[in-house]
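Geometric and topological summary
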Amino acid sequence: MNKIVLITGATSGFGKATAKLFAQNGCHIIVTGRRKDKLIDLADKLIDRYNVRSLPLCFDVRNAEETANAIASLPESWKKIDVLVNNAGLASGFSKIQDGDIADWDKMIDTNVKGLLYVSRAIMPLMIAQKKGHIINIGSTAAKEVYLNGNVYCASKHAVDAISKAMRIELLEHGIKVTQINPGAAETEFSEVRFHGDKEKAKKVYEGYQPMTAQDIASIIYYTTTLPDNLCINDLIVTSLAQANSFYIDRK
Ligand code: NDP
Ligand code: 8X3
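I will try to describe carefully the structure that is included in this document. (Residues numbered from 1 in each chain as written. Chains lettered and ligands numbered in written order. Predicted model: local features only at pLDDT ≥ 70, side-chain atom pairs only at ≥ 80, totals over all residues. Heavy atoms only, no water.)

1. Considerations on the overall build of the protein chain
When you go through the protein chain residue by residue, the secondary structure sums to eight helices and seven strands. Across its three principal directions, the C-alpha atoms of the protein chain cover 50 × 40 × 35 Å. Within the protein chain, buried positions represent 50% of all 252 residues. Taking the intrachain contacts of the protein chain between residues at least 6 apart in sequence as the baseline, contacts between residues at least 24 apart amount to 71%. Put simply, the protein chain shows about 12200 Å² of open surface, and 53% of that area lies on carbon and sulfur atoms. One finds the centroid of the 31 positive side-chain charges in the protein chain at a distance of 3 Å from the centroid of its 28 negative side-chain charges. (Helix = DSSP H or I, 4+ residues; strand = E, 2+ residues; numbered from the N terminus. Buried < 20%, exposed > 50% of the residue type's maximum accessible area, 1.4 Å probe, protein only. Contact = heavy atoms within 4.5 Å. Areas by Shrake-Rupley, 256 points an atom, 1.4 Å probe, with all protein chains shown as cover. Lys, Arg positive; Asp, Glu negative; His and termini not counted. Charge placed at Lys NZ, Arg CZ, Asp CG, Glu CD.)

2. Digging into the packing of aromatic side chains
According to the stated counting rule, one finds three aromatic pairs in the structure shown. Aromatic side chains F22 and Y222 sit 5.2 Å apart centroid to centroid with 75° between the ring planes, which places their arrangement in the edge-to-face category. Of the two residues, F22 sits in helix α1 (residues 13–24) while Y222 sits in helix α8 (residues 214–224), which places them 200 residues apart along the sequence. Taken as a pair, F22 and Y222 share a single burial class, namely buried. Of note, R53 hangs over the ring of W78, and the distance from its end group to the ring centre comes to 4.9 Å. (Phe/Tyr/Trp six-rings, centres within 6.5 Å; stacked < 30°, edge-to-face > 60°. Lys NZ or Arg CZ within 6 Å of the ring centre and 35° of its normal.)

3. Here we look at the site of ligand 1
As a structural note, the neighbourhood of ligand 1 is formed by 29 residues, with T11, S12, R34, Y153 and T188 the closest of them. Within the side chain of K157, a nitrogen or oxygen atom sits 2.9 Å from an oxygen atom of ligand 1. In the environment of ligand 1, an oxygen atom lies 3.2 Å from a nitrogen or oxygen atom belonging to the backbone of E189. Protein coverage of the free-state accessible area of ligand 1, which is 880 Å², stands at 96%. Of all the secondary structure elements, the ones that give two or more residues to the shell around ligand 1 are α1 and α5 (151–170). (Near = heavy atom within 4 Å. Polar contact = N/O pair within 3.5 Å; in protein donor to acceptor, adjacent residues only side chain to side chain.)

4. Looking at the nonpolar core
Note that soluble globular proteins tend to have their nonpolar side chains buried in a common cluster. Grouped together as the largest cluster of nonpolar side chains are 33 residues, with contacts concentrated most on V5, I29, V31, L46 and I221. Residue assignment for this core shows that the elements contributing at least two residues are β1 (4–7), α1, β2 (28–33), α2 (36–50), β4 (83–86), β5 (134–138), α8 and β7 (235–238). Take this core: its biggest share by element is six residues, from α1. Ignoring anything within four residues of it in the chain, the contact list for L46 reads A19, K20, A23, I29, V31, N51, V52 and S54. In terms of nonpolar packing, the next biggest core, distinct from the first, is built from 25 residues, I81, V119, M124 and I176 among them. (Core = buried A, V, L, I, M, F, W, Y, C linked by side-chain atoms within 4.5 Å.)

Following this line, the structure appears as structure tokens:
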């Protein structure tokens, strides 16, 4: 495939699995995240296993300046980004608004909404200059529905939904594809982060049914990049067979 792909949040979960799958298919990968050791380790593995180029780029998407500087620091050959996967994100906390922790809200809004914007703001001009590109925003079923205690996380993902729609309109004349993928429950570090490291609570989220895996989501992300140039999957919801939506999971 030989494309250059930049993936945010590649140290874990969907991002890591996506980096591996694109590399397996011959793409060159810029892996980003905050955990430098994991980024370096992943980039080394991609190079060794798949014989592709890979560049670790460590930055916190919540920091506008750090993000802009990191993208600007890319060597010119790496700036020809074909695919941007805006995946970095998190849920933090699970309580009603009246009981909510404001630090959790800031974290989610700063990462899921502002971080996605900062990364996109830095990369969209590069794609526009190339007159091609594909932006894949990771939404959620929480971008489409609101569930009890999901409030600010759902709001942040609804914002991603609006941003994807805006990008699609504004990038139309530049021939740049914008895809939003909205997964339901998938077992990654996501729930552990949401429950602030409480592994027991995190495990319960996935009990009694078969949740999706990071590899499942990676295969869907990859698939959307394999369509002919004139086709774009705009918006896609994907859940495990046991999940109907945010409210109904068939737990045995
Ligand atoms: P993980 O917790 O496994 O991975 C999250 C990734 O985001 C990590 O690589 C983390 O890297 C990165 N990240 C978080 N905060 C920042 C930050 N401030 N700056 C840079 N990178 C950051 O979760 P998932 O793989 O499950 O989640 C990926 C995306 O998918 C998120 O947007 C999430 O909201 C969404 N999603 C997840 C679902 C699920 O059930 N798992 C379902 C629907 C959507 P690091 O810590 O190294 O910075
Ligand atoms: C992650 C899925 O149901 O926890 O976005 O919101 S859910």
